[in-house]
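# Chain and residue survey
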Number of protein chains: 2
Amino acid sequence: MDKRYTALGTSMLVLKLLEKEPMYGYQIIKTLEQQSSQVFRLQEGTLYPILHGLEQQGAVISQTASAPSGRIRKYYHITPSGRKLLQEKLQEWETYQTAVNQVIGGVLFE
Amino acid sequence: MDKRYTALGTSMLVLKLLEKEPMYGYQIIKTLEQQSSQVFRLQEGTLYPILHGLEQQGAVISQTASAPSGRIRKYYHITPSGRKLLQEKLQEWETYQTAVNQVIGGVLFE
DNA sequence: ATCAATACATAGATTATCAAGGTATATAAA
DNA sequence: TTTATATACCTTGATAATCTATGTATTGAT
């Protein structure tokens with residue numbers, strides 16, 4: 001991303017993707033880019049530390065597998081504790097979003 | 001705030017308040033707290049540097065005035081360039097919010 | 001007389017992200 | 001066959017936003 005958005009955001013988005021299916025790093029970057037209509041362009045230097053942090057916390061587990069091409073990939077799976085963390089982050093996002101829109105008088109809640 | 005939210009956010013919110021009326025620092029903190037239902041609890045160490053930065057950019061102008069109580073206050077007024085900056089930030093927020101909700105499958109856009 | 005709220009400010013630490021670099025393989029194009 | 005591009009992992013150092021903590025000073029209430 002070329003703008004600094006939120007701390008809340010990135011790991012929440014990563015966990016959300018992993019909730020649907022296990023993914024490897026590069027795939028997360030591409031998927032996020034595509035699903036956000038190119039708004040998020042996560043750098044590898046941002047993502048990998050996040051993944052390692054989530055793994056250390058026990059929110060995800062990694063598992064190395066070889067792709068059909070023969071290339072080695074590291075798939076990340078979400079854990080029950082990761083799902084719980086995701087729910088918390090989604091709730092926080094909701095709270096934050098609502099508060100901002102209250103202040104700016106957003107039209108989203110009419 | 002006890003959570004680190006966004007860079008985008010704080011100066012946008014400050015400018016938004018100043019768009020309605022000139023305010024002094026302490027008032028901005030209290031107003032933001034109240035209007036966001038206590039979600040934002042901006043620290044002075046966060047706000048004052050932001051105000052000084054906005055002033056340096058020419059987005060706001062400060063004007064010292066004495067309150068009815070006799071106390072000296074530094075009122076910040078938004079400038080035309082500040083209004084333009086605010087519009088840009090509001091647009092960015094909209095883009096960001098939409099992108100996040102697309103990824104998490106938010107229900108706000110049904 | 002003391003304490004809480006008001007009102008300004010700065011300094012240092014923390015943390016998220018980026019930019020830039022490194023390694024290596026697969027595939028398509030020249 | 002070389003070369004470029006996409007894939008796939010990673011780390012280091014810099015930047016920037018925010019927090020915590022601290023400082024000063026006045027006002028108003030107990």
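Residues numbered from 1 in each chain as written. Chains lettered and ligands numbered in written order. Predicted model: local features only at pLDDT ≥ 70, side-chain atom pairs only at ≥ 80, totals over all residues. Heavy atoms only, no water.

### Observations regarding the overall build of chain A
Filter applied, for reference: Secondary structure counts use DSSP, requiring at least four H or I residues in a row for a helix and at least two E residues in a row for a strand, with both numbered from the N terminus. Relative accessible area decides the class of each residue, using a 1.4 Å probe on protein chains only: under 20% of the type maximum gives buried, over 50% gives exposed, and in between gives partly exposed. Contact criterion: two residues are considered in contact whenever any of their non-hydrogen atoms come within 4.5 Å of each other.
Along its length, chain A carries four helices and three strands. The helix and strand sequence of chain A, counted from the amino end, reads α-β-α-α-β-β-α. Taking all 110 residues of chain A together, 44% fall into the buried category. In chain A, the proportion of contacts linking residues at least 24 apart, taken out of those at least 6 apart, comes to 47%.

### A few points about the sheet that holds strand β3 (residues 72-78) of chain A
All names here are of chain A. The test is simple: Any two strands with at least two DSSP bridges between them are considered paired. Axes here refer to lines fitted to C-alpha atoms; in helices the fit is confined to the stretch in contact. Angles between the N-to-C directions go from 0 to 180 degrees.
If you trace the three strands from one edge of the open sheet to the other, you get β1-β3-β2, paired in antiparallel fashion. On the outer flanks of this sheet lie β1 (23-24) and β2 (60-66), each paired with one strand and no other. Here β1 pairs with β3 via two bridges, running antiparallel. Across the sheet, residue tyrosine 24 finds its bridge partner in β3, namely tyrosine 75. Taken strand by strand, helix α3 (residues 44-57) contacts β2 and β3, and its axis lies near 120° from that of β2.

### Digging into the pattern of salt bridges
Residue and element names in this part refer to chain B. Rules: What counts as a salt bridge is simple: a side-chain nitrogen of Lys or Arg found within 4 Å of a carboxyl oxygen of Asp or Glu.
Counted according to the given criterion, the structure contains six salt bridges over all chains. Across the pair glutamate 19 and lysine 16 runs a salt bridge whose closest N-O atoms are separated by 3.1 Å. A residue pair is termed a helical-turn pair when its members lie 3 or 4 positions apart in one helix, as glutamate 19 and lysine 16 do in helix α1 (residues 7-20) at three residues. Close ionic contact of lysine 84 with glutamate 88 constitutes a salt bridge, the shortest N to O distance being 3.9 Å.

### Side note on the sheet that holds strand β3 (residues 72-78) of chain B
Residue and element names in this part refer to chain B. The three strands lie next to each other as β1-β3-β2, forming an open sheet whose pairing is antiparallel. Of all the strands in the sheet, the pair left with one neighbour each is β1 (23-24) and β2 (60-66). By the bridge criterion, seven bridges tie β2 to β3 in an arrangement that is antiparallel. Within β3, the residue paired with threonine 64 across the bridge is lysine 74.

### A closer look at the confidence of the model for chain A
What counts is decided by this rule: Per-residue confidence from the predictor is given as pLDDT, running between 0 and 100.
For chain A, per-residue confidence averages 88 on the pLDDT scale, and residues scoring 70 or more make up 88% of the total. The secondary-structure element of chain A with the lowest mean pLDDT is helix α1 (residues 7-20) of chain A, recorded at 90, while β1(A) shows the highest, at 96.

### With respect to unusual backbone geometry
Residue and element names in this part refer to chain B. Positive phi is not limited to glycine here, since serine 37 has a value of about 55°. If you trace the backbone, serine 37 turns up in the loop between α2 (25-35) and α3 (44-57). One non-glycine residue, glutamine 38, lies in positive phi territory at about 65°. With respect to the helices and strands, glutamine 38 occurs in the loop between α2 and α3.

### Quick word on α3(A)
All names here are of chain A. Filter applied, for reference: Helix span, expected: 1.5 Å multiplied by one less than the number of residues in the helix. It is the directions from the helix axis to the C-beta atoms whose arc is reported.
Taking 1.5 Å per residue as the helical rise, α3 with its 14 residues ought to reach 20 Å, and the 20 Å between its terminal C-alpha atoms agrees with that figure. Buried residues of α3: Leu47, Ile50, Leu51 and Leu54, and no others. Around the axis of α3, the buried residues are gathered within 100° of arc, so they sit on the same side. The exposed residues of α3 that point more than 90 degrees off its buried face are Gly45 and Gln56. Looking one or two places after α3, you find glycine 58, whose phi comes out positive at around 85°.

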